[in-house]
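Here is what each chain is made of, one letter per residue.
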Amino acid sequence: TLSDRLAATFKTLRGKTRLSDADIDATAREIRVALLEADVNLAVVRDFVARVRERAKSAELSGALNPSQQIIKIVDEELVGILGGETRTIRFAKNPPTVIMLAGLQGAGKTTLAGKLARWLKGQGHSPLLVAADLQRPNAVNQLQVVGQRAGVQVFAPEPGNGVGDPVDVAKRSIEEANRRLFDVVVVDTAGRLGIDADLMQQAADIRDAVDPDEVLFVVDAMIGQDAVNTANAFAEGVGFDGVVLTKLDGDARGGAALSIARVTGKPIMFASNGEALTEFDVFHPDRMASRILGMGDVLTLIEQAEKTFDAEQSAKAAAKLSSKEGRDFGLADFLQQMQMVRKMGPLSKIFGMLPGMGDFKDQIANIDEREVDRLEAIIHSMTPAERDDPKIIDGSRRARIAKGAGVQVSDVNGLVNRFFEARKMMSSLAGGKMPGMPGIPGM
Ligand code: GDP
Ligand code: MG
C-alpha cells in the first residue's frame, strides 16, 4: 500500500527537519509506484505526484510536524481534494418529484443500488418510487420488483403481457404516476450492456430527455479499476451525469478507481456501495476514502491532534533552552510542560499505539502506566522553583521533603531526577531537540 511504500522512504527522513530535493524525489517515486499498483490511471498519477512534489517543495515547515508527517498530510489533503472534499448527496428539487436517473454498464449494480437508494430515501422521510426502465433483459423488471419489495417501496413497471414495451414511454409515464400518487422522489433504473455501445447511449439519452432528471448518477463497479476512466468518459459524453456511485467497494481495497474517476470526470462521488445487501451502502466520505487509499487513518488522527494541541511558542522556547550548553537552561518545569503537552493529546497508550512502527511494541504500549506520569507530576509540583530550575541542588534533605510532599518514596524522587538528567543529556545532544516519531515535541 501507499503507507507501506512511504514508510520505507520515511526511514531516511528520520531526524531531519528539512526536506531535500532528493528526499522529495524519493518520496514522489514511492507515491507514484503505490498509486499505479492501486490501478490508478497513469495520467491521474502523474498529475497527482506533480502536485504533491510542488507542495512539498514549498512546504512551510510546521513546527508541529516532522518531515514525514508533513508529507503524509500533503498527500492526504491532495487525495481528499481530488475525491471532492466534502460529502455531497442528492439535491432535492424545489417542486417534487425529484427525479434520479441511474446509468451505467450492465452488472455495475444499478438495480441493486435502486433498492439501496430507495431504502436510504425512505429512512430520510421521503416516499420514493422505483421505475423499471430496463426492458432489455427478460428478468430485469422482476429483479427490480424483488428489490423494491425488500426495500418496502413501490415499483412502477410496464403492464405484463404487452410485449417488450418502450423504456422511454415507461419512464415518462412514471413521472405522471408520481405526481398523481404524490411520490416525492423517482428513481429510474435503466438498461446497461456489457460494453459501451451507441444504442445503449442513445436509449439512456432518450430516457434522460423524457424525464428531465434532477440528478443523473453514473453507477460504476470499482473493481474495473483503470477501465472505469474510459467508461466514465463515454457516459459523460453520451448521457452526461451529475454524480458518481461506486459499487463493489467491498471487492477492491485499494480505491484506485475512486481517485481516477473523481479526477477525470470532476464529478462528485456521492454514494458508495459495499456489498449485495440493501444495508451495505453509505454516502461517500472523501476523507475516509483518502485515508483508506493512504492506509494511514490513525497517523492522520495523530497529526491532527498534534497540530491542535501543539503550542509552537512553548516548544520553540524549550528547544532554545535545550540548545544551551549541555541543556542546562532546560529545567524540570520545562520537562513537566512538555509532558503535559503530550498528555493533552490523549492517553499515552493510545498516542504510542498510533505511531507507525509501534506495532512491535504492542505489549509495552498496553503497559504504559498513566499513574506513573501523575506521580512524576506530583513530585515536580512538590519542588521549589529553584529546585526545578536547577535540579543539581536537590540534596538528601530536599529529596526527603519532596517525597513527603508528593506522597511518594525517596527512591521515586531519585528515579525522577536521574531520569531527567539522562533525558536532558540525550535531548540536548540532538540539535534542536527534535526527535523523530513524536510530532515536534522534544524528548518524546
Ligand atoms: P445492474 O446490471 O447494473 O443493474 O447490476 P445489478 O444491480 O443487477 O448487480 C449485478 C451484480 O452485482 C448482482 O449480483 C449484485 O448482487 C452485485 N452487486 C451489486 N452491488 C454490489 C456491491 O456493492 N458489492 C457486491 N459484492 N456485489 C454487488
Ligand atoms: Mg439492472
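Before reading on, note that the structure itself is shown above.
Residues numbered from 1 in each chain as written. Chains lettered and ligands numbered in written order. Predicted model: local features only at pLDDT ≥ 70, side-chain atom pairs only at ≥ 80, totals over all residues. Heavy atoms only, no water.

Glancing now at the site of ligand 1. Taken together, 17 residues lie around ligand 1, and Gly 107, Lys 110, Thr 112, Asp 250 and Glu 276 are the ones closest in. One nitrogen or oxygen atom from the main chain of Gly 107 is found 2.7 Å from an oxygen atom belonging to ligand 1. Lys 110 places a main-chain nitrogen or oxygen 2.7 Å from an oxygen atom of ligand 1. Contact with the protein chains hides 80% of the accessible area of ligand 1, taken as 580 Å² for the molecule alone. Cavity membership is defined here by more than half of the atoms lying within 2 Å of grid points; on that basis ligand 1 lies in the second largest pocket. No other element matches the 4 residues that helix H5 (residues 110–123) contributes to the shell around ligand 1. (Near = heavy atom within 4 Å. Polar contact = N/O pair within 3.5 Å; in protein donor to acceptor, adjacent residues only side chain to side chain. Areas by Shrake-Rupley, 256 points an atom, 1.4 Å probe, with all protein chains shown as cover. 1 Å grid on protein atoms, 1.4 Å probe; cavity = no way out; pocket = protein on both sides within 12 Å on 5 of 7 lines; lining within 4 Å. Sits in = over half its atoms within 2 Å of the grid points. Helix = DSSP H or I, 4+ residues; strand = E, 2+ residues; numbered from the N terminus.)

Right, let's talk about the pairing of strand S1 (residues 98–103) for a bit. Of all 6 residues making up S1, 6 are buried, and the element is well covered by its neighbours. Neither face of S1 is exposed, since Thr 98, Ile 100 and Leu 102 on one face and Val 99, Met 101 and Ala 103 on the opposite face are all buried. Two elements, S1 and strand S4 (residues 185–190), share 4 bridges in a ladder whose sense is parallel. Residue pairing in the sheet places Ile 100 in a bridge with Val 187 of S4. Bridge count between S1 and strand S5 (residues 215–221): 4 bridges; the pairing is parallel. What sits directly across from Leu 102, in S5, is Leu 217. (Buried < 20%, exposed > 50% of the residue type's maximum accessible area, 1.4 Å probe, protein only. Pairing = 2+ DSSP bridges.)

Further remarks concern empty space enclosed by the protein. The final tally for this structure, using the stated rule, is 1 cavity of 30 Å³ or more. Approximately 50 Å³ is the volume found for the largest cavity. Every residue along the wall of the largest cavity is listed here: Ile 24, Thr 27, Ala 28, Ile 31, Val 49, Val 52, Arg 53, Ala 56 and Ile 71. Elements that contribute at least two residues to the lining of the largest cavity include exactly helix H2 (21–37) and helix H3 (42–57). (Points joined across faces, edges and corners; volume = space filled by probe spheres on them.)

This part takes up the layout of surface pockets. Over the atoms a probe the size of a water molecule is rolled, and this reveals where empty space is left. What the second largest pocket holds in volume is close to 490 Å³. Lining the second largest pocket are 23 residues, and of these Gly 107, Gly 109, Thr 112, Gln 143 and Lys 248 lie nearest its centre. For the lining of the second largest pocket, the secondary-structure elements that each account for two or more residues are H5 and helix H6 (140–151). With 5 residues, H5 is the largest single contributor of residues to the lining of the second largest pocket.

One broad rule of soluble globular proteins: the nonpolar side chains tend to lie buried together. Of all hydrophobic cores here, the largest spans 97 residues; its most connected members are Leu 83, Leu 117 and Phe 271. It is helix H4 (residues 67–82) that provides the largest number of residues to this core, a total of 7 residues. If you look at the next biggest cluster of nonpolar residues, it comprises 23 residues, including Leu 332, Leu 336, Ala 403 and Val 408. (Core = buried A, V, L, I, M, F, W, Y, C linked by side-chain atoms within 4.5 Å.)

Let's shift gears to the side chain of Glu 78. Here Glu 78 shows up in helix H4. Leave out the neighbours within four places in its chain, and Glu 78 touches Phe 48, Arg 51, Val 52 and Arg 55. (Contact = heavy atoms within 4.5 Å.)

Overall, the coordinates contain 18 salt bridges when judged by the stated rule. Across the pair Glu 215 and Arg 91 runs a salt bridge whose closest N-O atoms are separated by 3.8 Å. Taken together, the residues Glu 215 in strand S5 and Arg 91 in the loop between H4 and S1 connect sequence positions 124 residues apart. In this structure Glu 215 comes out as buried when scored by relative accessible area, which is 0%. Ionic pairing is found between Asp 221 and Lys 248, a salt bridge with its closest N-O pair at 3.5 Å. (Salt bridge = Lys/Arg side-chain N within 4 Å of Asp/Glu carboxyl O.)

Pairing within the open sheet is mixed, and its 8 strands lie in the order S3-S2-S4-S1-S5-S6-S7-S8. The outermost strands of the open sheet, each flanked by one partner alone, are strand S3 (154–156) and strand S8 (281–283). Geometrically, the sheet is characterised by an average inter-axis angle of 25° between neighbouring strands, direction not taken into account. Along the sheet, H6 contacts strand S2 (128–133), S3 and S4; its crossing angle with S2, the most-contacted strand, is approximately 165°. (Axes fitted to C-alpha atoms, helices over the stretch in contact; angles between N-to-C directions.)

Any link to function would need more than the numbers given here.
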